[in-house]
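Coordinate analysis (summary)
Take a look at the letters that make up each chain.
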Amino acid sequence: MRDLHALCTDENGNQSVPCHQSCRLSAVRPFGGNALSSPATRRTLASLLPFVLRSVVQSYQWVGFIKANRRGLRTWALRHPDSQVGLLLRIPRNLEIALRLVTLLLCAGVALGQQCPTTDATLPVNPFAYPMLSDQYAVQYKINGGSWVNGKTYISYYGKTDASPERGDAPYVRGTTSMSFVSIPARANASVQIRVTNLAEGPFQPSDHVTVRPTPKSVTVESLNDGSVQLSTSTTDKFAGDQFILMWNRGTDGGGVEGLAFFLDPPYTEPDDLHVKVVNSWMDLDGVDLSSYKTLDFESLVAQSGLPIPIKLGGDGTLAYEVPDNIVNVFLGQNTWVQGKLRFTANPAKRHIYGPGVLDGSLFNYLNRDCLRHDGTPTDDGLYSLSSIGSAGKLTNFKIDGIIISDQNHAADDAFFSSTLNNVKTLGWNSENAALRLNDSTIVSNVFIRSSDDSLMAWGSPVTVTNATIWQGYNGGVVNLGWSNNSVGNHNLIDGLWVVKTDWQMPDAQTWKALSQPGPPNPLNSQNNGVFVSLMVPSTKYGAKSQPVFRNIFVEDPPQVLFSLKIDPSVSCPKDFCSATFLRQSSSLSLKIENLYSPESIVKNSIGFEILPAGYIANATDSASYFPTDYTLKGLMHIDLANVWIKSRDGVVQAILSWPAAQLFGNVSIHGDVDMNYTQGLPPFDGLPWR
């Protein structure tokens, strides 16, 4: 391996072949890669490989013979220049060329394959097979005083599938940390009652302090004599879906370890026109002519156990199924379980994916999420649960309503453009299991996300999000403003953000100093963890034409970081992007935070511009720093805090009305040119935990 490394490096240890530098969530981030990793180059190199290997083998077979008989062969070749002997005499030169090509290909192999598979997690020896009924909770429900109905309560366990293997940096316990969820069909203007029985830990006790989150949502909790609890709520005349979770604590057990989510769904009617193809199994799709259909209706059959029989795309559930262009509707029925991914062409027709069923990615391999084919496209393991075949990776003109995206091994979706998402639920356990990528002219409502990567990636303009319930895992931002300079933010609105649980343990300290590329230590340095996060870079113009507004925000527990609003150098920066000239460009960021309640953050919050310390290395190819002294990135931030209330660690709730209050109660640190304004109104969510 040392010799191969030497072939790929120059005398100074620098890479002579510009090996590919994959970045975190490489298909999402805008950086990484070079000419060698382009699809055209990879195709060329791949096509040369068989020839090169044959040349090497054949040349070595003949080279001894040639050396022993060179004089006689040369005389013959001079008389017969077009003979095979003439070719044989050229073998030493062929061998030299072939060896150089092998060197290039081997280095390219190192470049293209160094991230595939990754080694950042441990696959389970005996992975679980979903769907699986919850062994933690049993749920019953009734609507408008009707009869009690046993809800199908499913469960997902951290670390127990190939899609969500155990990682050393996760604060979760494999096979113990779990998420149960139940879908409850409701309707507008309905009363909903739910009974929950604790199967694993015995009857609920008064000391468990059972509650429902988000706290601002009107759900009452009553303890029953048999140790179960009953929840009561009602839907409004505008009901289009809602979600909440059960929270309780008993030592090391509780709702934060054994999670339980309730998904209230509006009615979803099965399609019934003449152009519907009902799909009960892969056999209904495999090799079937679908040209006369416009709708796929996935409906799982039911096993004797009462569980749905999963519809395994590809026959084994590891296929990213390419939905034909003529299919414009995909329906996932009640208690339907589809294993696989859905992939769409760049067809601009409006498409509708809806229904309360599950799209399950648990059979894909997390370690292969960065793997590429020879043409440079992701393998099925590398694709997202909803993905685009188009080169730009856009999902345009989609209407997504009701579905559950469960146990994705990579992110939930390629970027949505000109789309609407309603009542969508996602569950991803590990970093790089990001949730919703939202771009231009996309509207999102009534969503539930449990993710250990960025949850709401509001990177377009405009993007509107209402009634979003977020359980943020050990990594990532609840709202990520951007990782590059291409997030515009104009007219963006978030209205109703409920952060019901956060599992961060990092960062453990605040810092303004950037880390050199490429590390170690990792230049990201956990700056991506927080409720509101920016990893935008110099030249960013965010909210320049219309200030984005994020309002009506409720954070249940003390977050590790509330604000990490920074302009910083990219955390994975190629030379052609992060030059010293680029890093000296000016940026602007404008944002209004309105009607926010949160406990004080554990780590100091950051609003401003990072410092490039003396000696900072801008990218992996730098041999010397262009920053001989500390350099603060340039630009202006304008941040309005309107009616922001923080609960201090001693229980005092205080409005942030001045810079001293932002420092003292808000635990805020600023750096660079930052303009902050403060206004106060009535406490948001009046009557909730203000005491």
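What this report covers is the structure whose coordinates are included nearby. Just so it is clear, the structure is predicted and the values come from calculations on it, not from any experiment.

1. A short note on the state of the cysteines
In this structure the tally under the stated criterion is one disulfide. Linked covalently through their sulfurs, Cys-116 and Cys-371 form a disulfide whose S-S length is 1.7 Å. Residues Cys-116 and Cys-371 are joined by a disulfide whose S-S torsion is about 90°; by sign, that bridge is right-handed. Note that Cys-116 is positioned in the loop between helix H5 (91-113) and strand E1 (137-143) and Cys-371 in the loop between strand E21 (358-360) and strand E22 (386-388), a separation of 255 residues in sequence. Look at Cys-116 and you get partly exposed, because its relative accessible area is 27%.

2. Considerations on the pattern of salt bridges
What the rule picks out here adds up to 17 salt bridges. Residue Asp-557 is joined to Arg-213 by a salt bridge in which the shortest nitrogen-to-oxygen separation is 2.9 Å. Here Asp-557 is found in the loop between strand E37 (549-555) and strand E38 (563-567), whereas its partner Arg-213 is found in strand E6 (residues 211-213), with 344 residues between them in sequence. Relative accessible area serves as the criterion here: at 22%, Asp-557 is assigned to the partly exposed category. Given a relative accessible area of 12%, Arg-213 falls into the buried group. Of the charged contacts in the structure, one is a salt bridge between Asp-242 and Lys-217, with a shortest N-O distance of 2.5 Å. A residue pair is termed long-range when its members are at least 10 positions apart, and Asp-242 in strand E9 (residues 242-247) and Lys-217 in the loop between E6 and strand E7 (220-223) qualify at 25 residues. Among the charged side chains, a network of salt bridges with common partners joins Asp-120, Arg-167, Asp-169, Arg-369 and Glu-432.

3. Section: the pairing of strand E32 (residues 463-472)
The buried count for E32 comes to eight of 10 residues, which makes it a mostly enclosed element. Where strand E30 (residues 442-451) meets E32, nine bridges bridge the pair, whose relative direction is parallel. Bridge pairing links Arg-450 to Trp-471 in E32. The sheet contact formed by E32 and strand E34 (residues 493-502) spans eight bridges and is parallel. Paired with Ala-468 across the bridge in E34 is Leu-497.

4. Re the packing of aromatic side chains
The final tally for this structure, using the stated rule, is 21 aromatic pairs. Consider the rings of Tyr-172 and Tyr-474, whose centres lie 5.7 Å apart with planes at 80°: the pair is edge-to-face. In this pair, Tyr-172 is assigned in the loop between strand E3 (153-157) and strand E4 (178-185) and Tyr-474 in the loop between E32 and strand E33 (477-480), connecting sequence segments 302 residues apart. Seen in terms of ring centroids, Phe-532 and Phe-550 are 5.8 Å apart; in terms of plane orientation they differ by 20°. Their pairing is stacked. Taken as a pair, Phe-532 in strand E35 (residues 530-536) and Phe-550 in strand E37 lie far apart in primary sequence, 18 residues in all. An identical accessibility class is assigned to Phe-532 and Phe-550; each is buried. One aromatic cluster is present, formed by Tyr-154, Phe-181, Phe-263, Trp-337 and Phe-448 through successive ring pairs. The ring centre of Phe-364 lies 4.2 Å from the NZ or CZ of Lys-341, which sits over that ring.

5. Comments concerning the sheet that holds strand E2 (residues 149-150)
The five strands lie next to each other as E2-E1-E5-E8-E7, forming an open sheet whose pairing is antiparallel. With one partner strand each, in any of the chains shown, E2 and E7 form the two edges of the open sheet. In terms of strand pairing, E1 meets strand E5 (residues 191-198) through seven bridges, oriented antiparallel. The residue of E5 that forms the bridge with Lys-142 is Gln-193.

6. Things to note about the sheet that holds strand E19 (residues 341-344)
Within the open sheet, the three strands sit side by side as E16-E19-E22. Their pairing is parallel. Bordering the open sheet on either side are strand E16 (320-322) and E22, each of which pairs with just one other strand. Across the sheet, the mean angle separating the axes of adjacent strands is 30° when strand polarity is ignored. Where E19 meets E22, three bridges bridge the pair, whose relative direction is parallel. By the bridge assignment, Leu-342 is partnered in E22 with Leu-386.

7. A few points about unusual backbone geometry
The linkage connecting Ser-461 with the following residue, Pro-462, adopts the cis geometry, with an omega of -5°. Cis peptide bonds are those with omega within 30 degrees of zero, and the linkage from Pro-520 to Pro-521 qualifies with -5°. Within the secondary structure, Pro-521 sits in the loop between E34 and E35. Phi is positive for Asn-397, which is not a glycine, with a value near 65°. Mapped onto the elements of the fold, Asn-397 is located in the loop between strand E23 (394-396) and strand E24 (398-401).

8. A word on the side chain of Asn-595
Counting through the fold element by element, Asn-595 comes out in strand E39 (residues 587-599). The exposure class assigned to Asn-595 is buried, which follows from its relative accessible area of 18%. In this structure the side chain of Asn-595 is engaged in a polar contact, spanning 2.8 Å, whose partner is the side chain of Asn-643. For Asn-595, the residues in contact, after removing those within four places along its chain, are Arg-551, Asn-552, Ile-553, Ala-642, Asn-643, Pro-684 and Phe-685.

9. Re the nonpolar core
Counting residues in each nonpolar core, the largest one holds 90 residues, and the members touching the most others are Phe-298, Leu-386, Leu-456, Leu-497, Phe-532, Phe-550 and Ile-593. Counting residues per element, this core draws most heavily on strand E43 (residues 635-647), which supplies five residues. Leaving out residues up to four positions away in the same chain, Leu-456 has contacts with Leu-436, Leu-438, Ile-449, Val-465, Ala-468, Ile-470, Gly-477, Val-478, Val-479, Asn-480 and Leu-497. Residues Val-192, Val-212, Leu-231 and Trp-248 belong to the second largest nonpolar core, which totals 24 residues.

10. What about the pairing of E24?
Across four bridges, strand E20 (residues 351-354) lies against E24 in parallel orientation. Along E24, the bridge assignment pairs His-352 with Lys-399. For E24 and strand E27 (residues 420-422), the ladder comprises three bridges, and the chain directions are parallel. Of the residues in E27, the one forming a bridge with Asp-401 is Asn-422.

About the criteria used
Residues numbered from 1 in each chain as written. Predicted model: local features only at pLDDT ≥ 70, side-chain atom pairs only at ≥ 80, totals over all residues. Heavy atoms only, no water. Disulfide = S-S within 2.5 Å. Helix = DSSP H or I, 4+ residues; strand = E, 2+ residues; numbered from the N terminus. Buried < 20%, exposed > 50% of the residue type's maximum accessible area, 1.4 Å probe, protein only. Salt bridge = Lys/Arg side-chain N within 4 Å of Asp/Glu carboxyl O. Pairing = 2+ DSSP bridges. Phe/Tyr/Trp six-rings, centres within 6.5 Å; stacked < 30°, edge-to-face > 60°. Lys NZ or Arg CZ within 6 Å of the ring centre and 35° of its normal. Axes fitted to C-alpha atoms, helices over the stretch in contact; angles between N-to-C directions. Polar contact = N/O pair within 3.5 Å; in protein donor to acceptor, adjacent residues only side chain to side chain. Contact = heavy atoms within 4.5 Å. Core = buried A, V, L, I, M, F, W, Y, C linked by side-chain atoms within 4.5 Å.

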